Amino acid sequence: MDNHIDNKIRPYRNIPFDIGCTLEHKDVSAIKEAFKNRDIVELPVPQLLKSFSKYILLSFEINADIRLYIYAFGIGVFTLRDDDYDINMERYAVNYCDARKNCHHNILKGKHKYSHALLSIAECLRKCVSSNHKELRITASSSWEHNGFSYVMTVSAIQLQGISSFDYSKLPDIEQKNLQIMLEPGIAHKEDSMLMDKDIISGDFDPYDTEIMFTDIPVNWIRSNDMGLYISWAAVLIYSGLVDDNSARYIECMEVDLQAMWMYVYCMYYVLSNAHEKSIKVSDLKKTLFSFKRMYNEFSDTDDSSVAEYFRNIRDELIRTSGIVAEKDKLIEYLNYCIEDTVCKNEEKARKYSVFSEILLFIIAYVQIAPLVYHLLMGDYVLIGTWQIILTVTIAVIGIVLIILKE
């Protein structure tokens, strides 16, 4: 590309967080009232989002750049339109990955320009529902992980002018490499991890070396010369000749729904695996398991005939690359383990109580027949002797020991 002046990338951040509980009607009313007092505008929930999930409850516009979506299972998702990144060189992907990584870290560390607004709204939501519930999930706290947030997912809308087609095979060689680096930041050692804050690339390392590029050809999920859509575990890239917020809105709906469920699964596993000191009933665990399975099946199977087939394909790919299936399986496996473990513990307690009950019944029965045993041994109206008492007690002890050995 000879001219980069009008080329840019517009990042859309998705930031899920836990509100802390399943929301009831009184919670929704409290949230609406609190937001009304803050002059936060309620928006109609997009129809496409409704077609994906029956659990989406509310949608708000926090400001011109931030929207908030709230789900019935107690998860909120912020979508944040961030500042445009100007493309001023051919090899822009590494610098953009670095900027994306730094922005994610700033959001999680509370250093982004909108951090105060995000943290304030999240805390407001938790206060709105806390008065209606005995306790919130431990993941619904500003002290959990990164100020109450766990991760940030970015959808990048890339404006490239002067390109006739955004199909991968027709992109210029340098742009193919840019695309692959953004899809897989590990190529440039720009993994989005809080554990890797420092740059580890040596001076002689060239991420544009063809030998380190992927051999698999990235799939364009929009069959159009005017747009391109590429998806990986690390990034979602929308290519077009002109960045348009409305074009990204469809992907926003899919990402919001995905990130809400991803965060819910993650929080549920964290809560269960850190509830060792609490005794949970088997019936409650089974109810949680069956409820989650139903919820996840509804999430993964969209049966709305009005949704276009290519939307389904895009959504399926977003789900596949997100890794939520592995998280879902881990949660179900852990729930099954908790159920089996609790059943075993209950059976062990029942056996112990059974022994105590039999001993108690034996003692009561023996006390009643002890005089008869004594008279049978010695006859009536005789003085009580030591050996008679020892014999009577010995019979009682033998009976108790036999009961215990039976168990």
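Above: the structure in question.
Residues numbered from 1 in each chain as written. Predicted model: local features only at pLDDT ≥ 70, side-chain atom pairs only at ≥ 80, totals over all residues. Heavy atoms only, no water.

**Here's the deal with the pattern of salt bridges**
Counted by the stated rule, this structure contains 19 salt bridges. Arg137 is the salt-bridge partner of Asp18, the closest N and O atoms lying 2.7 Å from each other. Pair noted here: Asp18 is in strand E1 (residues 8–18) and Arg137 is in the loop between helix H4 (115–130) and strand E7 (153–159), with a separation of 119 residues, a long-range link. Taken as a pair, Asp18 and Arg137 share a single burial class, namely buried. Two residues, Glu252 and Arg249, come together in a salt bridge whose shortest N-O distance is 4.0 Å. Placement of both Glu252 and Arg249 in helix H6 (residues 245–273) is noted, with a separation of three residues, approximately one turn of the helix. Residue classification places Arg249 among the partly exposed residues on the basis of a relative accessible area of 30%. Beyond isolated ion pairs, a larger network of salt bridges with shared partners links Lys8, Arg10, Asp65, Arg81, Asp84 and Asp245. (Salt bridge = Lys/Arg side-chain N within 4 Å of Asp/Glu carboxyl O. Helix = DSSP H or I, 4+ residues; strand = E, 2+ residues; numbered from the N terminus. Buried < 20%, exposed > 50% of the residue type's maximum accessible area, 1.4 Å probe, protein only.)

**Topic: helix H3 (residues 93–108)**
Relative to the 22 Å expected for 16 residues at 1.5 Å per residue, H3 spans 23 Å between its end C-alpha atoms, a close match to the ideal helical length. If you check which residues of H3 are buried, you get Ala93, Val94, Tyr96, Cys97, Arg100, Lys101, Cys103, His104, His105, Ile107 and Leu108. The inward-facing, buried residues of H3 abut E1, strand E6 (85–86), H4, E7 and helix H5 (173–183). A positive phi of about 75° marks Gly110, the residue just after H3. (Expected span 1.5 Å × (residues − 1). Contact = heavy atoms within 4.5 Å.)

Any link to function would need more than the numbers given here.
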